[in-house]
Structure formats: C-alpha cells, structure tokens
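Below are the chains, spelled out letter by letter.
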Amino acid sequence: MGKIAENISSIKATLPSGVTLVAVSKFHPTEAILEAYNSGQRIFGESRVQELVAKHATLPQDIEWQMIGHLQTNKVRAIVPFISLIQSVDSARLSECINREAERVGRTIDILLEIRVAQEESKSGWEYPELLDFLHRGAVAEMKNLRVRGVMGMATNTDDEARIRADFEQLAQYKKELAPMFDASFDTLSMGMSDDYALAVECGSTMVRVGSSIFGVREY
Ligand SMILES: *Cc1c(COP(=O)(O)O)cnc(C)c1O
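Thresholds, definitions, all that
Residues numbered from 1 in each chain as written. Predicted model: local features only at pLDDT ≥ 70, side-chain atom pairs only at ≥ 80, totals over all residues. Heavy atoms only, no water. Helix = DSSP H or I, 4+ residues; strand = E, 2+ residues; numbered from the N terminus. Contact = heavy atoms within 4.5 Å. Expected span 1.5 Å × (residues − 1). Buried < 20%, exposed > 50% of the residue type's maximum accessible area, 1.4 Å probe, protein only. Arc of directions from axis to C-beta. Near = heavy atom within 4 Å. Polar contact = N/O pair within 3.5 Å; in protein donor to acceptor, adjacent residues only side chain to side chain. Areas by Shrake-Rupley, 256 points an atom, 1.4 Å probe, with all protein chains shown as cover. Nonpolar A, V, L, I, M, F, W, Y, C, P; charged D, E, K, R; others polar. Salt bridge = Lys/Arg side-chain N within 4 Å of Asp/Glu carboxyl O. Patch = residues over 30% accessible without salt bridge, like charges linked within 9 Å, V, L, I, M, F, W, Y side chains within 5 Å. Lys, Arg positive; Asp, Glu negative; His and termini not counted. Charge placed at Lys NZ, Arg CZ, Asp CG, Glu CD. Axes fitted to C-alpha atoms, helices over the stretch in contact; angles between N-to-C directions. Parallel < 35°, antiparallel > 145°, perpendicular 65-115°, else oblique. Left-handed = near helix turned anticlockwise from the far one by under 90°.

Draft legend 1. Up close: the environment of Leu131. Turning to its location among the elements, Leu131 is positioned in helix α6 (residues 128–136). Ignoring any residue separated from it by four or fewer positions in sequence, one finds Leu131 in contact with Leu113, Ile115, Trp126 and Leu178.

Draft legend 2. Broad picture of helix α8 (residues 161–178). Taking 1.5 Å as the rise per residue, α8 with 18 residues should run 26 Å; its terminal C-alpha atoms sit 26 Å apart, in good agreement. The complete set of buried residues in α8 reads Ile164, Asp167, Phe168, Leu171, Tyr174, Lys175 and Leu178. The arc that holds the buried residues of α8, viewed along the axis, is 115 degrees, so those residues lie on one side. Summarising the geometry of α8, the exposed residues directed more than 90 degrees from the buried face are Ala162 and Lys176. Of the surrounding elements, those touching the buried residues of α8 are α6, β6 (146–152), β7 (188–190) and α9 (197–202).

Draft legend 3. Structural view of the site of the ligand. Taken together, the neighbourhood of the ligand is formed by Val24, Lys26, Ile68, Met154, Met193, Ser194, Arg209, Val210, Gly211, Ser212 and Arg218. Between the ligand and the protein, one listed contact pairs an oxygen atom with a side-chain N or O atom of Lys26 at 2.7 Å. One of the backbone nitrogen or oxygen atoms of Gly211 is found 2.8 Å away from an oxygen atom of the ligand. When the free accessible area of the ligand is taken as 390 Å², the share hidden by the protein chains comes to 89%. Per-class residue counts for the shell around the ligand are five nonpolar, three polar and three charged.

Draft legend 4. Region of interest: the pattern of salt bridges. Under the defined criterion, the tally for this structure stands at 13 salt bridges. Close ionic contact of Glu46 with Lys55 constitutes a salt bridge, the shortest N to O distance being 2.8 Å. The pair formed by Glu46 and Lys55 is uniform in burial state, with each residue classed as buried. For Arg149, the salt bridge is made with Asp110, and the minimal N-O distance between the two is 3.0 Å. Remark: Asp110 occurs in strand β5 (residues 109–114) and Arg149 occurs in strand β6; sequence separation between them is 39 residues. Neither Arg149 nor Asp110 differs from the other in exposure class; each is buried. Each member of the salt-bridge network shares a partner with another, and the members are Glu46, Arg48, Glu51 and Lys55.

Draft legend 5. Highlighting a negative patch on the surface. On the surface, Asp159, Asp160, Glu161 and Asp195 cluster together into a patch of negative charge. Structurally, Asp195 can be placed in the loop between β7 and α9.

Draft legend 6. Spatial organisation of the packing of helix α1 (residues 3–14) against helix α2 (residues 30–38). Closest axis-to-axis distance for the α1/α2 pair is 8 Å, and the angle between their directions is 50 degrees. By the angle class used here, α1 and α2 are oblique. The two elements α1 and α2 meet at a crossing, and its hand is right-handed. Of the residues in α2, those touching α1 at Lys3, Ile4, Ala5 and Ile8 are Ala32, Glu35 and Ala36.

Spelled out as structure tokens, the structure:
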C-alpha cells in the first residue's frame, strides 16, 4: 500500500461509521488523487474553481467533487454541471446565483451554509445573525434548485484545545437550531480538518475535511 492509501485507511479506522471523509486534494497533483481513488476514496474537496474544473476533466467520472473554498459568483457556472456539494455558501447572492445556474442546467445542487465561528476576522462564513435574517426572509424555500444539507465551519487556528472545542460546540448548536427550518435532508455537520478532526467528531461532526494528513504538506 502506498503512503496516501495508508493514511486514508488509518484515518478511516478512527472515524465512526456515520462520518464522511472528504479528501482535500487542493494543490496536490492528479497522481496523488488517483492513488487515493485506487484505494477506494471517492469524495474529494477542492478550494479553487480553475483547479477543480481541470481535475474533474481528467480524473475518473465517478469522483464526487466538493467545493470547500470561497466561491465567487462569476465562477459558479463552471462547476454547477458536475459539483456534488458546495460547502462554502456564505451569502444570499451566492445562494441565488447557484440556484439560478442549477436551474439553467436542470440540476438540484446540495449546499452547506458556512458559518463563521472562528476568532479570526479573516475567516469566511455567515455571521450567524445575518444567516438567521436571510433564512427568516424565506428566500431559501423559493430556491427550488438548492437543497440545504447542513452547516460547515472552521475552528479558530490555535493550539488552545478548549477554544477549538468551544467553536465546534457552537457550530453543532447552530446546526441544531437551524434544523427545524429544513427537512430531514438537513443532516450534515461539516467540521474538522487534519489537526482537529478527532475533536470535531467528539463534538458531533458528520463530515471531516482532511488534506495534509492524507496527501502531505501542500506547497503554496
Ligand atoms: C484546506 C482546507 C481543509 C484541509 O486542511 P488540512 O489542514 O490540510 O487538513 C479543510 N477545509 C477547508 C475549508 C480547507 O480550505
């Protein structure tokens, strides 16, 4: 078994059965993705549209591609025909744009609502009160080509485990509060990355997004 396959297998061994592993392959070459694919991994996350579109075109067609990075509305059209989940929906404008593009190609797109809980101002995501305003306006119910599957977020970038835990608990709480506004398909709590996925799972994560612990350190 190659190193990447080994990493996937040991991470999977630690995950409870209801937790989905998203292999975050951004900045890693297609050969690395193929090694993961050949070991059985089918769900991959990318953060840049251009790279995502190029990889989708060359890699096996049964890969489920997810968008996990900040998405500009002028890039939505390029991924809507094939994307399986957009995790990083953080504005009304982006939601409307995805819905419109999805309708154009006759698809319904699964999305997550990215909520900011981290201390850093730089982190993306809805401010929770603004998200509530948006949902209370009832606009999402009108977006027939979107299916809201749940919530995504990132913890503060720190070594302080109590801080990270508090962020994850906050996200879990938001997901619980929002659930009554949706149907049973609102089932996903995407949180946890290489350094903190075990803690995220303890706090109720159903989807972890792991990059460097699978593929090694990225070269930016
Ligand atoms: C890059 C990235 C990850 C993976 O990070 P690692 O620390 O390499 O596991 C997870 N989620 C998002 C949103 C990312 O941008």
